[in-house]
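# Notes for the structure review
Read off the chains here:
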Amino acid sequence: MISVAIQDKAGKEVGKYEFDSTELASGVNRQLLHDVVVMYEANKRIGSSKTKSRGMVAGSTKKLFRQKGTGRARAGAIRTPVRRGGGHAFAKTPKDWSYRLPKKAVKLATRMAILSKFEDEQVTLIDELTMQAPKTREVAGVLSALGLSKISCLLTIDGHDPVVWKSARNIAGVQVSPAGDLNAYDILHQRQMVLTKSALDRLLGRSEG
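Residues numbered from 1 in each chain as written. Predicted model: local features only at pLDDT ≥ 70, side-chain atom pairs only at ≥ 80, totals over all residues. Heavy atoms only, no water.

Once that is clear, we can look at the environment of Gly 141. Along the chain, Gly 141 falls in helix 3 (residues 136-145). On the accessibility criterion, Gly 141 (36% relative accessible area) is partly exposed. Between the C-alpha atom of Gly 141 and that of Gly 205, which follows or precedes it by 64 residues, the distance is 30 Å. (Helix = DSSP H or I, 4+ residues; strand = E, 2+ residues; numbered from the N terminus. Buried < 20%, exposed > 50% of the residue type's maximum accessible area, 1.4 Å probe, protein only.)

On to the nonpolar core, then. One finds Tyr 17, Phe 19, Ile 114, Phe 118, Leu 195 and Leu 200 to be the most contacted residues of the largest nonpolar core, which totals 35 residues. Listed by contribution, the elements that provide at least two residues to this core are strand 1 (2-7), strand 2 (13-19), helix 1 (30-44), helix 2 (103-119), strand 3 (123-126), helix 5 (184-189), strand 6 (192-196) and helix 6 (197-203). At eight residues, helix 2 tops the list of elements feeding residues into this core. If we skip the residues at most four places from it in the chain, Leu 195 touches Phe 118, Val 123, Thr 124, Leu 125, Ile 126, Thr 156, Leu 200 and Leu 203. The next biggest cluster of nonpolar side chains, apart from the first, holds 18 residues, and it includes Leu 129, Val 139, Val 142 and Val 174. (Core = buried A, V, L, I, M, F, W, Y, C linked by side-chain atoms within 4.5 Å. Contact = heavy atoms within 4.5 Å.)

Within strand 4 (residues 153-157), five of the five residues are buried, which leaves the element mostly enclosed by the surrounding structure. Bridge count between strand 4 and strand 5 (residues 174-178): five bridges; the pairing is parallel. Bridged to Leu 155 within strand 5 is Val 176. Regarding the hand of the β-α-β motif, the stretch spanning strand 4, helix 4 (residues 162-168) and strand 5 is right-handed. (Pairing = 2+ DSSP bridges. Right-handed = clockwise from strand over helix to strand, strands pointing away.)

Spatial strand order, 2-1-3-6-4-5: six strands in an open sheet with mixed pairing. Each edge of the sheet is formed by a strand with only one pairing partner; in this case those strands are strand 2 and strand 5. Strand-to-strand twist across the sheet, computed as the mean angle between neighbouring axes with direction ignored, equals 30°. As judged from the two bridges shared by strand 1 and strand 3, these two strands associate in the parallel manner. Residue pairing in the sheet places Gln 7 in a bridge with Ile 126 of strand 3. On top of the sheet, helix 2 reaches strand 1, strand 2, strand 3 and strand 6; it is set at about 105° to strand 6, its chief contact. (Axes fitted to C-alpha atoms, helices over the stretch in contact; angles between N-to-C directions.)

A full pass over the atoms with the stated rule returns four salt bridges. Lys 16 is paired through a salt bridge with Glu 13; the nearest N and O atoms lie 3.9 Å apart. Across the salt bridge formed by Arg 202 and Asp 158, the nearest N and O atoms sit 2.5 Å from each other. Here Asp 158 lies in the loop between strand 4 and helix 4 and Arg 202 lies in helix 6, a separation of 44 residues in the sequence. What makes Arg 202 partly exposed here is its relative accessible area of 33%. (Salt bridge = Lys/Arg side-chain N within 4 Å of Asp/Glu carboxyl O.)

Right, let's talk about the confidence of the model for the protein for a bit. Predicted confidence across the protein gives a mean pLDDT of 91, with 99% of residues reaching 70 or more. Across the protein, element-level confidence peaks in helix 1 with a mean pLDDT of 95 and bottoms out in strand 2 with 88. (pLDDT = per-residue confidence, 0-100.)

Here we come to the packing of helix 1 against helix 2. The interhelical angle for the contact between helix 1 and helix 2, taken along N-to-C directions, is 110°, at an axis separation of 9 Å. Here helix 1 lies roughly perpendicular to helix 2, going by the angle between them. For the pair helix 1 and helix 2, the crossing hand works out as left-handed. Each of Leu 32, Leu 33, Val 36, Met 39 and Tyr 40 in helix 1 lies in contact with helix 2, whose residues at this interface are Ala 105, Val 106, Leu 108, Ala 109, Met 112 and Ala 113. In terms of residue class, the contact of helix 1 with helix 2 is built from eleven nonpolar, no polar and no charged. (Parallel < 35°, antiparallel > 145°, perpendicular 65-115°, else oblique. Left-handed = near helix turned anticlockwise from the far one by under 90°. Nonpolar A, V, L, I, M, F, W, Y, C, P; charged D, E, K, R; others polar.)

Next up, the structure:
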């Protein structure tokens, strides 16, 4: 059984939230987490390096001069790699490094990553996070009250909220994500996970929506 304190925006404890760890996952498989994180990192990789081969550079393919009788070394086209302005002998081409693991494995890894955060006591649970207008100072004040102003955080809310996102996007080390968009890479990349109570309800299947 996992028990975590519920805090308000001022950092005061206003209750407790208890749930069985099996509601998230049966355990934490570190190899699966490693494989999924490597997949996300590979998908972020940009294989955009490219050079021109002799078939891509400008210039005629005609032989520069006849093979014999000129007294010079024999020469082919001007686009040959041995000439200035010619193409590369082994030209680089863009490479796609992305791949996908099975959907069930990726989904399970996400829940295992959340469970690992609870086991490592790297989760801060707040009762709610709502704002009328985008104000960076307000989100920064909440994080300061929770003692997280100098720690990288993944701020997880129930659903898409452009006001909260605009308020937190300029704070260094803070990332905002709806509960439905979480992935293992983002969860493990940030040191602390800040969850709203409604977001945790949605992750555990207790939400009515």
